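Now for the letters of each chain:
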Amino acid sequence: MKTFFKCLTVGVLSMMLFAAPGFASDTVKVANAGALSGDLAPYGISALRGVEMAVEDINEQGGILGKNVELMLGDDVCKPEVAVNVATKLVSDGVQMVVGHVRSGAIISAKKIYKDANIILISGSATNDDLTLTGDHPNFFRTISNDGAQAKLMTAFAKNDLKVKKVALIHDKGDYGKGQMELAKAEFEKMGDVEIVLFEGVTTGAVDYTAIVQKIKRSDAELVMWGGYHSDASKIIQLLKKKRVETLFMGADGIYGDNLPNLAGEFAEGVYATGPNDTSSNPMHQALTKEHQEKYGEDPGTFFFTGYTCMQSLAAAAEKAGSVEYDAMRAAMFEITVDSPMGPIGFDEKGDIVGAGFSVYRVTDGKYQQVN
């Protein structure tokens, strides 16, 4: 998406978009919940398109258990507190399973509502470790690896490939961003030979990042590792380049995709990020890419394929269970193998994806290219 929307701050404007009430009894009610407006809308819309196209394919093949899938939409406008309202409304409207939310913080805020309602929740973008590894969210699954896996990859690449000795860890203070940099900090400390010269949070959405850029400059960091999303990262990257601060920049999947290069322009050249493995050689990936291009006039966004795989997984679990009832579906989620555009995938006992991981990418000529 090349058009960005600012987060809505007025209460009445933060209401959700939903399909019309009064669903027929012969449908399976599935919701896509996430950021459909706000700074993170490009991520949410890419995931939604994946879900929508999967629903179209599933319905063309006879639906789930012989019933058409009715897709409900919930917009949390990139705010965890609004995610609670979204979840409450979806449950009230009789949703039976949910794909979303985009942000880990949104899921953490809304998790109790879905859990108490015995609803399976699956995300293609929320990577916070606690969502699966603590065991506190038995109804949660994801089609993307967790932050711990990213932290190991990022820190190993920084040491072994970039060969840096001094690193500044900067984050946006959120559950995703701060948690990610805390994991990276722990990995660097295990290594012992990479010095963390700065560990600090910034206020997301700030107009001026001069203060943190000056701190980075004084720290003599050879690499800035960022925990957060593209909107803040693009501003910091541009300011680092304009102030001629000689340092590399690396983030995780929160800055992966076209969004950061589109915002930062020429200043994005050389930026590193981790993102889902490149599966472009997969025939289903290729077919869906072509379909997306024909339908939307552009390549799929960051979380299109993980979103598509989320919907596939829910359908496969329901068919295996022979029911959309929670206990039966949850048990089936651990048993299914899904032939997805990401390759064959399944889920471990914690709800994390099996069969997928992360790679390192670098912006070259305005596009992320895989380097590891």
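Rules behind the numbers
- Residues numbered from 1 in each chain as written.
- Predicted model: local features only at pLDDT ≥ 70, side-chain atom pairs only at ≥ 80, totals over all residues.
- Heavy atoms only, no water.
- Helix = DSSP H or I, 4+ residues; strand = E, 2+ residues; numbered from the N terminus.
- Rg over C-alpha atoms; globule rule 2.2 N^0.38 Å.
- Buried < 20%, exposed > 50% of the residue type's maximum accessible area, 1.4 Å probe, protein only.
- Contact = heavy atoms within 4.5 Å.
- Pairing = 2+ DSSP bridges.
- Right-handed = clockwise from strand over helix to strand, strands pointing away.
- Axes fitted to C-alpha atoms, helices over the stretch in contact; angles between N-to-C directions.
- Phe/Tyr/Trp six-rings, centres within 6.5 Å; stacked < 30°, edge-to-face > 60°.
- Lys NZ or Arg CZ within 6 Å of the ring centre and 35° of its normal.
- Salt bridge = Lys/Arg side-chain N within 4 Å of Asp/Glu carboxyl O.
- Domains from an automatic or database assignment.
- Buried area = accessible area lost by both parts, 1.4 Å probe.
- Polar contact = N/O pair within 3.5 Å; in protein donor to acceptor, adjacent residues only side chain to side chain.

For the protein chain, the count of helices and strands is 12 helices and 15 strands. Relative to the globule expectation of 21 Å for 372 residues, the C-alpha radius of gyration of the protein chain, 20 Å, shows essentially globular dimensions. Along the first, second and third principal axes, the C-alpha atoms of the protein chain reach 65 × 40 × 40 Å. When burial is assessed residue by residue, the protein chain has 55% of its 372 residues classed as buried. Taking all contacts inside the protein chain whose residues are at least 6 apart in sequence as the whole, residues at least 24 apart take part in 70%.

For strand β1 (residues 27-34), a buried count of 8 out of 8 residues is recorded, marking the element as mostly surrounded by other parts of the structure. Going residue by residue along β1, you find Thr27, Lys29, Ala31 and Ala33 tucked away on one face and Val28, Val30, Asn32 and Gly34 tucked away on the opposite face as well. Summarising the sheet, β1 and strand β2 (residues 68-75) pair through 8 bridges and their orientation is parallel. Bridge pairing links valine 30 to leucine 71 in β2. Running through helix α1 (residues 41-60), the crossover from β1 to the neighbouring parallel element β2 is right-handed. Summarising the sheet, β1 and strand β3 (residues 97-100) pair through 4 bridges and their orientation is parallel. Looking across to β3, one finds that valine 30 is bridged to methionine 97.

Reading across from one edge, β7-β6-β8-β9-β10-β14-β15 is the order of the 7 strands in this open sheet, with mixed pairing throughout. Since the sheet does not close on itself, it has two edges, and those belong to β7 (195-201) and β15 (367-370), each with one partner. Strand-to-strand twist across the sheet, computed as the mean angle between neighbouring axes with direction ignored, equals 30°.

Here the focus is the sheet that holds strand β11 (residues 338-340). Spatially, 3 strands are ordered β11-β12-β13 in an open sheet, and the strand pairing comes out antiparallel. This sheet does not close on itself; its edge strands, each paired only once, are β11 and β13 (353-354). Pairing geometry for strand β12 (residues 343-347) and β13, over 2 bridges, is antiparallel. Counterpart to phenylalanine 347 in the pairing with β13 is isoleucine 353. This element, helix α11 (residues 304-321), spans β11 and β12 of the sheet and lies at about 155° to β11.

Before going further, it helps to examine the packing of aromatic side chains. One pass over the full model with this rule turns up 9 aromatic pairs. Each ring, one from tyrosine 43 and one from tyrosine 229, has its centre 6.3 Å from the other, and the planes form 50°; the classification is tilted. Remark: tyrosine 229 occurs in the loop between β8 (223-227) and α8 (230-242) and tyrosine 43 occurs in helix α1; sequence separation between them is 186 residues. Tyrosine 229 carries the same exposure label as tyrosine 43, and that label is buried. One aromatic cluster is present, formed by Tyr43, Tyr176, Tyr229 and Phe303 through successive ring pairs. Between the NZ or CZ atom of arginine 49 and the centre of the ring of tyrosine 296, over which it lies, the distance is 3.8 Å.

Mapped onto the elements, alanine 316 comes out in helix α11. Residues alanine 316 and leucine 153, 163 residues apart in the sequence, show an inter-C-alpha distance of 31 Å. If sequence neighbours within four positions are ignored, alanine 316 has contacts with Ile336 and Val338.

Let's shift gears to the pattern of salt bridges. In total, this model carries 12 salt bridges according to the counting rule given. Here aspartate 352 ties to arginine 142 by a salt bridge, and the two come within 2.6 Å at their closest N and O atoms. Taken together, the residues span a long stretch of sequence, with aspartate 352 in the loop between β12 and β13 and arginine 142 in strand β5 (residues 140-142) at a distance of 210 residues. In this structure aspartate 352 comes out as buried when scored by relative accessible area, which is 6%. As a salt-bridge pair, glutamate 187 and lysine 190 come within 3.5 Å of each other at their nearest N and O atoms. In this pair, glutamate 187 and lysine 190 both sit in helix α6 (residues 175-191), 3 residues apart, roughly one turn of the helix.

Let's shift gears to the domain arrangement of the protein chain. In many analyses, interface size is given as the accessible surface area lost on bringing the parts together. Along its sequence, the protein chain is carved into domain 1 (26-144 + 282-356) and domain 2 (148-270). Taken together, the contact between domain 1 and domain 2 spans 15 residues of the former and 14 residues of the latter. Across the domain 1/domain 2 interface, buried area totals approximately 1,100 Å², and carbon plus sulfur atoms make up 48% of it. When the area that domain 1 buries against domain 2 is broken down by residue, the three leading residues are Tyr43, Asp129 and Thr302, summing to 37%. Applying the counting rule to domain 1 against domain 2 returns 0 salt bridges. At the boundary of domain 1 and domain 2, one finds 5 residue pairs in polar contact (both at pLDDT 80 or more). Those elements that place two or more of their residues in the side of domain 1 that touches domain 2 are α1 and α3 (104-116). For the side of domain 1 that touches domain 2, the leading source of residues is α3, giving 3 residues.

On to the environment of alanine 117, then. Mapped onto the elements of the fold, alanine 117 is located in the loop between α3 and β4 (120-123). Using a relative accessible area of 31% as the deciding quantity, one classes alanine 117 as partly exposed. Sequence separation of alanine 117 and tyrosine 326 is 209 residues, and the distance between their C-alpha atoms is 9.2 Å.

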